[in-house]
Amino acid sequence: MENLKHTPGPWKLAGGDNSNFEINIGETTCSVTCYDKNTGYHQISRDEMESNAKLIAASPELLEMCNMLYMVGRRAYGKSFDEWPEAKEYFKVFKKATK
């Protein structure tokens, strides 16, 4: 996990309204806003927008847990674990999240 470049946590959902939600990342605040680029109108419900913001706020922890679970599989099955379809999929997703 030493190659990760995202801002260190904790990442916390700070609240929101009907147009956006804020996520506090250390001393930085990020805003999650979901709207249609063509019309400028919000196309999803407040609940869905809040769920998206919660997922974003939890993503560093989810990434860390995925890495820990991979390491458990690697310890249990050795290098052959890297050939499992699930491990190959993990590598694709991990690269996508960390490039």
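Residues numbered from 1 in each chain as written. Predicted model: local features only at pLDDT ≥ 70, side-chain atom pairs only at ≥ 80, totals over all residues. Heavy atoms only, no water.

Asker: Can you walk me through the packing of aromatic side chains in this structure?
Answerer: Here the distance between the centres and the angle between the planes together describe a pair of aromatic rings. Summed over the entire model, instances satisfying the criterion amount to eight aromatic pairs. Note on Tyr77 and Phe81: the rings are 6.2 Å apart at their centroids and 15° apart in plane angle, and the pair reads as stacked. Ring-pair connections join several aromatic residues into one group, and the members of that group are Tyr70, Tyr77, Phe81, Trp84, Tyr90, Phe91 and Phe94. (Phe/Tyr/Trp six-rings, centres within 6.5 Å; stacked < 30°, edge-to-face > 60°.)

Asker: What exactly am I supposed to notice about the pairing of strand β1 (residues 11-16) here?
Answerer: Looking down a regular strand, the side chains alternate between one sheet face and the other. When β1 meets strand β2 (residues 20-25), the two strands line up antiparallel, connected through five bridges. The partner of Gly15 across the bridge, within β2, is Glu22. Counting the residues that bridge the hairpin from β1 to β2 gives three residues. (Pairing = 2+ DSSP bridges. Helix = DSSP H or I, 4+ residues; strand = E, 2+ residues; numbered from the N terminus.)

Asker: Looking at this model, I keep getting lost on the pairing of strand β3 (residues 28-33). Mind explaining?
Answerer: In this structure, β2 lies alongside β3, joined through six bridges in antiparallel fashion. When the sheet's bridge partners are listed, Glu22 is paired in β3 with Ser31. Hairpin remark: β2 followed by β3, antiparallel, with two residues in the connecting loop; positive phi at Gly26, about 60°.

Asker: When you look at the nonpolar core in this model, what are you seeing that I'm missing?
Answerer: If you look at soluble globular proteins, the nonpolar side chains tend to sit buried side by side. Counting residues in each nonpolar core, the largest one holds eight residues, listed as Trp11, Phe21, Ile23, Ile25, Val32, Met49, Ala53 and Ala57. Residue assignment for this core shows that the elements contributing at least two residues are β2 and α1 (46-77). Contacts of Trp11, omitting those with residues within four sequence positions, involve His6, Ile23, Asn24, Ile25, Ile56, Ala57, Ser59 and Pro60. (Core = buried A, V, L, I, M, F, W, Y, C linked by side-chain atoms within 4.5 Å. Buried < 20%, exposed > 50% of the residue type's maximum accessible area, 1.4 Å probe, protein only. Contact = heavy atoms within 4.5 Å.)

Asker: Please explain the sheet that holds β1 as it appears in this structure.
Answerer: Adjacent strands of a sheet pair through backbone hydrogen bonds, lying either parallel or antiparallel. Taking strand neighbours across the sheet as the criterion, the three strands line up as β1-β2-β3 in an open arrangement whose pairing is antiparallel. The sheet terminates laterally at β1 and β3, the two strands that pair on one side only. On average, each strand axis in the sheet is inclined to that of its neighbour by 30°, with strand direction left out of account. Packed on one face of the sheet, α1 meets β1, β2 and β3 and runs near 160° to β1. (Axes fitted to C-alpha atoms, helices over the stretch in contact; angles between N-to-C directions.)

Asker: What's the story with the environment of Lys5 in this structure? I'm lost.
Answerer: Take Lys5: it is sitting in the segment before β1. Separated by 70 residues in sequence, Lys5 and Arg75 have C-alpha atoms that sit 26 Å apart.

Asker: Looking at this model, I keep getting lost on the pattern of salt bridges. Mind explaining?
Answerer: On inspection of all chains with the given rule, the structure shows five salt bridges. Note that Glu50 and Arg46 form a salt bridge whose closest N and O atoms lie 3.7 Å from each other. In this pair, Glu50 and Arg46 both sit in helix α1, four residues apart, roughly one turn of the helix. Overall, Arg46 belongs to the partly exposed group, its relative accessible area being 33%. Glu89 is the partner of Lys92 in a salt bridge, and the nearest nitrogen-oxygen pair spans 3.2 Å. Taken together, the positions of Lys92 and Glu89, both in helix α2 (residues 85-98) and three residues apart, correspond to about one turn of that helix. You can call Lys92 exposed: its relative accessible area is 56%. Connected through salt bridges with shared partners, the residues Arg46, Glu50 and Lys54 form a single ionic network. (Salt bridge = Lys/Arg side-chain N within 4 Å of Asp/Glu carboxyl O.)

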